[in-house]
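In case you want the letters, here they are:
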Amino acid sequence: MSASGRYTGLIGRYADRLPIDNDAPAVSLGEGNTPLIRLDHLVADLPGEVALYVKYEGLNPTGSFKDRGMTTAVTQAVHEGSRAIICASTGNTSASAAAYAARAGIKAFVLIPDGKIAMGKLAQAIMHGAEVLQIRGNFDDGMRIVKAMAEQAPVSLVNSVNPYRLQGQKTAAFEICESLGRAPDYHCLPVGNAGNITAYWMGYSEMALAPGAAGTAACGFCNGDCVYHQNAVAHRPVMLGYQASGSAPFLRGGPVEQPETIATAIRIGAPQSWEYALTASRESGGWFDEFDDEAILEAQWLLASREGIFCEPASAVSVAGALRDIRAGHIEPGSTVVCTLTGHGLKDPDVAKRHAEAAVSTVDATDGAVREAILGKMA
Ligand SMILES: *Cc1c(COP(=O)(O)O)cnc(C)c1O
């Protein structure tokens, strides 16, 4: 918050909880502060009176949660004198990196997999003036190369192996606790590179004033009178990670060579935060599960058509998981459950367009034809 009370983004809001120097000017687009929306229709037929919420991260400035980590990573990179950043990306990281680099007046290099990037995300990277390098390989190949480039070229790496990324992303857990007045009982996430599940666990651990999964300390900022102590929560949620079946290393117990899924944001075979994610799952008493592409698209359609919330396919796997685990009784009756909807549906218009043929009827441009169509649809 600025002195006037105007919301100025994550670094302004959570300065004392982020390891960013006070004199580092924040590179911000007003990210964070996204809505937590209770779903009514999708749980209506389910047993157990579960309160199901979604954290709609598609409403961040570039349309995904990546902005939370990019404001901190780019702020720190610029503060350290960096003139260029680099990342490998399935799409959203490159869109976010490109926007924050433009904001900071520095260069962004983004490596994207050959042909497997959603149109909206590529358009963003181009519009924000990034240098886009399409590699003849997948995300995991790109990740290996950008790590090498951070050593061999004057560029700062802003993938989630950069610790400032996860620091920024943990703030979503703070917002959820503040909004609910408590921690949820379960938190459901899509898992790709596994940075976000790690970041949420860190955030919840800090809110519970417990040692965090990634080695964060207890509060340590005050004598018990800071805003975090006042808002401290009594417990941490059970962390549930969901993957696409064609790209599910956590279900297979190790890397997947040729990951495939329509949910391109989680088309990752060798997650960089493997150990941290396993720790979060184990410490929280959580589990991993998987869904095929058809089930993922079904959940995306349900959210959009029955709740009015349009997310991208990867995001919907969290809701697919929550619904299945509520129905199966794996999620305790009476629980409060939060799913992160990681990215906006407009990112990937090609997937949504598959529904178009059934949804659009062409009629004559006359009152009569349109009236007839309305009455036909209402019948
Ligand atoms: C990056 C991303 C994910 C995966 O997050 P990880 O931190 O890599 O596990 C999921 N959904 C969307 C939309 C993303 O952009």
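Quick summary incoming for the structure in this document. This is a predicted model, so every value here is computed, not measured.

### Examining the sheet that holds strand S4 (residues 107-113)
Spatially, the four strands line up as an open sheet ordered S5-S4-S3-S6, and their pairing is parallel. Where the open sheet ends on each side, the last strands, each with one partner, are strand S5 (131-135) and strand S6 (156-157). Alignment of strand S3 (residues 84-88) against S6, held across two bridges, turns out to be parallel. Paired with Ile86 across the bridge in S6 is Leu157. Strands in contact with helix H5 (residues 139-152) are S3, S4, S5 and S6; relative to S3, the strand with the most contacts, it is inclined by about 155 degrees.

### What about the packing of helix H12 (residues 293-307) against helix H13 (residues 313-327)?
At a minimum axis distance of 8 Å, the contact between H12 and H13 shows a crossing angle of 85 degrees. Classed by the angle they form, the pair H12 and H13 counts as roughly perpendicular. Every residue of H13 that contacts H12 at Ala295, Ile296, Leu297, Ala299, Gln300 and Leu303 is listed here: Pro313, Ala316, Val317, Val319 and Ala320.

### Here we look at the nonpolar core
Formed by 35 residues in total, the largest nonpolar core has its most connected members in Leu52, Leu303, Val319, Val337 and Leu341. Elements with a contribution of two residues or more to this core: strand S2 (51-56), strand S7 (186-190), strand S8 (238-244), H12, H13 and strand S10 (336-341). It is H13 that contributes the most residues to this core, eight residues altogether. Discounting chain neighbours no more than four positions away, the residues touching Leu303 are Leu39, Leu42, Gly308, Ile309, Cys311, Val319 and Leu341.

### Structural notes on the site of the ligand
Close to the ligand lie 16 residues, the nearest being Lys66, Asn92, Asn193, Asn196 and Thr342. In the environment of the ligand, an oxygen atom lies 2.8 Å from a nitrogen or oxygen atom belonging to the backbone of Asn193. Here an oxygen atom of the ligand sits 2.8 Å away from a polar atom, N or O, in the main chain of Asn196. For the ligand, whose free accessible area comes to 380 Å², the fraction covered by protein is 96%. More than half of the atoms belonging to the ligand lie within 2 Å of the grid points that define the largest cavity.

### A few points about the sheet that holds S2
Read from one edge of the open sheet, six strands run S1-S2-S10-S7-S8-S9, paired in mixed fashion. In this open sheet, the two strands that pair with only one neighbour each are strand S1 (36-38) and strand S9 (287-291). The mean inter-strand angle of the sheet, taken between neighbouring strand axes irrespective of direction, is 25 degrees. The sheet contact formed by S2 and S10 spans six bridges and is parallel. By the bridge assignment for S10, Tyr53 is matched with Val338. Of the strands in this sheet, S2, S7, S8, S9 and S10 are in contact with helix H8 (residues 195-207), which crosses S8 at around 170 degrees.

### Here's the deal with the packing of aromatic side chains
This model, assessed by the stated rule, comprises six aromatic pairs. The structure contains a cluster of three or more aromatic residues connected by ring pairs, namely Phe250, Trp274 and Phe288.

Quick notes on the rules
Within every chain, residues take consecutive numbers counted from 1 along the sequence as written. In keeping with the predicted nature of the model, local features appear solely for residues at pLDDT of at least 70, side-chain atom pairs appear and are counted solely at 80 or more, and the whole-chain, interface and lining totals rest on all residues. In computing side-chain values, all of the structure's heavy atoms are included and hydrogens and water are not. By definition, two strands form a pair when at least two bridges between them are found by DSSP. Per the convention used, a helix needs a DSSP run of H or I reaching at least four residues, while a strand needs a run of E reaching at least two, with both numbered from the N terminus. The contact rule is simple, with two residues in contact once any of their heavy atoms fall within 4.5 Å. Under this scheme, a helix contributes an axis fitted over its contacting stretch, all axes are lines through C-alpha atoms, and angles between N-to-C directions fall in the 0 to 180 degree range. Roughly parallel here means an angle under 35 degrees, roughly antiparallel means over 145, roughly perpendicular means 65 to 115, and every remaining angle is called oblique. Joining through side-chain atoms within 4.5 Å is the link that ties buried Ala, Val, Leu, Ile, Met, Phe, Trp, Tyr and Cys residues into a set, and such a set is a nonpolar core. Classification of residues uses two cut-offs on accessible area relative to the type maximum, computed with a 1.4 Å probe and protein chains only: under 20% is buried, over 50% is exposed, and between them is partly exposed. A molecule or strand has a residue near it when one of that residue's heavy atoms lies within 4 Å. Think of a polar contact as two N or O atoms within 3.5 Å of one another; within protein, one of them needs to be a possible hydrogen donor and the other a possible acceptor, and neighboring residues in sequence only count if both atoms come from side chains. With residues, only the protein chains shown are counted as cover, and all accessible areas are computed by Shrake-Rupley using a 1.4 Å probe. Only protein atoms enter the 1 Å grid used here, on which a cavity is any set of points holding a 1.4 Å probe that cannot leave and a pocket is any open set flanked by protein within 12 Å on both sides along at least five of seven lines; residues with an atom within 4 Å of a point are listed as lining. Occupancy of a cavity or pocket is assigned to a molecule whenever over half of its atoms lie within 2 Å of that pocket's grid points. For this analysis, a ring pair means two rings from Phe, Tyr or Trp (six-membered ring only for Trp) whose centres lie within 6.5 Å, classed as stacked if their planes differ by under 30 degrees, edge-to-face if by over 60, and tilted for the remaining angles.

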